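# Tertiary structure, described
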Amino acid sequence: MARGFKRQGAEYVATLDKAEARLVANLAADVLEMLDSRVQEQELPDDASVGLAGHAGSAHAEIDTGAAAPADEDAADSSAAEPAGEDRWWEALGLSNADLMPGASGGERRRARPEDPALARLLPDLIAASDATEGEAERLRALTEPVVVEGKREALAEAVRLLTAHPLKVPADSAPRFASALNDIRLVLAERLGIETAEDAERIHGAEDSEDEMDRYLALLYGFVSWLQESLMTALLKRR
Amino acid sequence: MTVATSAPVAAPIEATELLHELERPYLLIVWDDPVNLMSYVAFVFRSYFGFSDEHANALMLQVHEDGQAMVSSGTKERIEADVVAMHGFGLQATLRRADA
């Protein structure tokens, strides 16, 4: 039986069954793979970079989908966002004003919203359609999406690594990143389960006895990852 | 009574526009999402913006109950960085011009 996070010294420690830890690690690897496919799709020549989301499958072929813990070092741009100082941990996610300066990554280039709704949930538009001028959301996305993607990939890759240890030990510095990785997993599961409203979320609580086997399985996973994230938030709150 | 050395008619308008630019022309809007845990949203507000527990919780509840909340305001660059950070955490956030 799994036990949620407790602070022990400089770490947050949870005890998961090995099978449970492997499930969560596989989910993190799956989300990482979705983001990798987005990166590869965007590395196509400029004139092909908009509107090609439907071809993600072909860009995907090089990834070894059987690997439980994909190497994150092989991506061409993995050195682009080296973690900064640990004192401002969001900068370790690659988030800083400097990355957003006009011209840093491409002026008037545009990038289309991902066609996969789960990927679009991970990488939403920066401006609501009702507030945007023509092409504004696509221009903002071209400037900023690589930063968001890179931060998420680092957090997910770290989560995959941490989840191989038993018990699960998350260094205090990594706890916010680990929480964000769990959150990204939940966002993707929620999209696959069709959670759009609070009522949908309630319905999922009862979906353990759904007739659809896949829904039942996804609902169990969603419930488990939600519990794990909530237990980390509780442990983080207690500390203060 | 002295005569102004130079007082172009258009000056007040230009000055107002400049002031507006320099103030807080952009807003960060965070939207409700049935997936994100309330504890997590409050945690993000607290740790990223440095808000007090009370302020972070109040904003989180406003997002939850009203469907959205204005969480920060500032220059375009500042708010773009905030939106990117919120997306990094998995929150649904957008920027909006204050006069929109």
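What comes next concerns the included structure. Here the structure is a predicted model, which is why all the values come from computation and not from measurement.

Within chain B one finds 4 helices and 3 strands. The buried share of chain B, reckoned over its 100 residues, is 48%. Long-range pairs, those at least 24 residues apart, make up 71% of the contacts in chain B with a sequence separation of at least 6. In the structure as shown, chain B presents an accessible area of about 5200 Å², 58% of it carried by carbon and sulfur atoms.

What follows deals with the packing of helix α2 (residues 38–49) of chain B against helix α3 (residues 53–66) of chain B. Residues and elements named next belong to chain B. One can describe the packing of α2 onto α3 by two numbers: an axis separation of 8 Å at closest approach and a directional angle of 130 degrees. The pairing of α2 with α3 is recorded here as oblique in orientation. Remark: the crossing between α2 and α3 carries right-handed chirality. Contact with α2, carried on its side by Met38, Val41, Ala42, Phe45 and Arg46, involves Asp53, Ala56, Asn57, Leu59, Met60, Leu61, Val63 and His64 of α3 and no other residues of that element. Taken together, the residues of the contact of α2 with α3 break down into 9 nonpolar, 2 polar and 2 charged.

Residue and element names in this part refer to chain A. Scanning all chains against the criterion turns up 19 salt bridges over all chains. The residue Arg153 makes a salt bridge to Asp36 at a minimum N-O spacing of 2.7 Å. You can see Arg153 sitting in helix α5 (residues 136–162) and its partner Asp36 sitting in helix α1 (residues 18–42), a full 117 residues away along the chain. Across the pair, exposure class does not vary: Arg153 and Asp36 are buried alike. Close ionic contact of Arg38 with Glu145 constitutes a salt bridge, the shortest N to O distance being 2.8 Å.

Sheets are built from strands paired through backbone hydrogen bonds, the pairs being either parallel or antiparallel. All names here are of chain B. One open sheet accounts for 3 strands, arranged β2-β1-β3; its pairing is antiparallel. Looking at the sheet topology across the chains shown, the edges are occupied by β2 (68–74) and β3 (92–97). For this sheet, the mean inter-axis angle between neighbouring strands, taken without regard to orientation, is 30 degrees. Sheet analysis places strand β1 (residues 26–31) next to β2, joined by 6 bridges and oriented antiparallel. Among the inter-strand pairings, Trp31 is bridged to a residue of β2, identified as Gln68.

Residues and elements named next belong to chain A. Mapping Leu232 onto the fold places it in helix α8 (residues 213–238). Residue classification places Leu232 among the buried residues on the basis of a relative accessible area of 0%. Sequence spacing of Leu232 and Gln40 is 192 residues, and the spatial spacing of their C-alpha atoms is 33 Å. What Leu232 contacts, discounting residues up to four positions off in sequence, is Phe5, Tyr12, Ala175, Phe178 and Ala179.

It is worth spelling out the packing of aromatic side chains at this point. The tally for this structure, following the rule as stated, stands at 5 aromatic pairs over all chains. Measuring from centroid to centroid gives 5.5 Å for Phe224 of chain A and Trp227 of chain A, while their planes differ by 40 degrees, and the two rings are tilted. Here Trp227 of chain A and Phe224 of chain A lie together in helix α8, a separation of 3 residues that amounts to about one turn. Feature note: the residues Phe45, Tyr48, Phe49 and Phe51 of chain B constitute an aromatic cluster, connected by ring pairs.

Turning next to the interface of chain A and chain B. In this complex, chain A contributes 43 residues to the contact, which on the side of chain B involves 30 residues. Roughly 3200 Å² is buried in total at the junction of chain A and chain B, and carbon and sulfur atoms are behind 63% of that figure. In this structure, the connection of chain A to chain B is made through 3 salt bridges. Taking the shortest distance from any N to any O, the salt bridge between Arg97 of chain B and Glu136 of chain A comes out at 3.0 Å. Where the side of chain A that touches chain B is concerned, the elements lending two or more residues are α3 (89–92), α4 (117–122), α5, α6 (175–193), α7 (198–205) and α8 of chain A. Among the elements that take part in the side of chain A that touches chain B, α6 of chain A stands out by supplying 8 residues, more than any other. Here the residues of the side of chain A that touches chain B sort into 25 nonpolar, 8 polar and 10 charged.

Our focus in this paragraph is the pairing of β1 of chain B. All names here are of chain B. Most of β1 is tucked away: 5 of the 6 residues are buried. The sheet contact formed by β1 and β3 spans 6 bridges and is antiparallel. Paired with Tyr26 across the two strands is Arg97, which belongs to β3.

Locating Glu20 of chain A in the fold gives a position in helix α1. Of the side chains with opposite charge, Arg3 of chain A comes closest to the buried, unpaired Glu20 of chain A, at an N-O distance of 10 Å.

Before going further, it helps to examine unusual backbone geometry. Cis geometry is adopted by the peptide bond preceding Pro167 of chain A, which originates at His166 of chain A and carries an omega value of 0 degrees. Along the chain, the position of Pro167 of chain A falls in the loop between α5 and β3 (168–171).

The rules behind these values
- Residues numbered from 1 in each chain as written.
- Chains lettered and ligands numbered in written order.
- Predicted model: local features only at pLDDT ≥ 70, side-chain atom pairs only at ≥ 80, totals over all residues.
- Heavy atoms only, no water.
- Helix = DSSP H or I, 4+ residues; strand = E, 2+ residues; numbered from the N terminus.
- Buried < 20%, exposed > 50% of the residue type's maximum accessible area, 1.4 Å probe, protein only.
- Contact = heavy atoms within 4.5 Å.
- Areas by Shrake-Rupley, 256 points an atom, 1.4 Å probe, with all protein chains shown as cover.
- Axes fitted to C-alpha atoms, helices over the stretch in contact; angles between N-to-C directions.
- Parallel < 35°, antiparallel > 145°, perpendicular 65-115°, else oblique.
- Left-handed = near helix turned anticlockwise from the far one by under 90°.
- Nonpolar A, V, L, I, M, F, W, Y, C, P; charged D, E, K, R; others polar.
- Salt bridge = Lys/Arg side-chain N within 4 Å of Asp/Glu carboxyl O.
- Pairing = 2+ DSSP bridges.
- Phe/Tyr/Trp six-rings, centres within 6.5 Å; stacked < 30°, edge-to-face > 60°.
- Buried area = accessible area lost by both parts, 1.4 Å probe.
- Lys, Arg positive; Asp, Glu negative; His and termini not counted.

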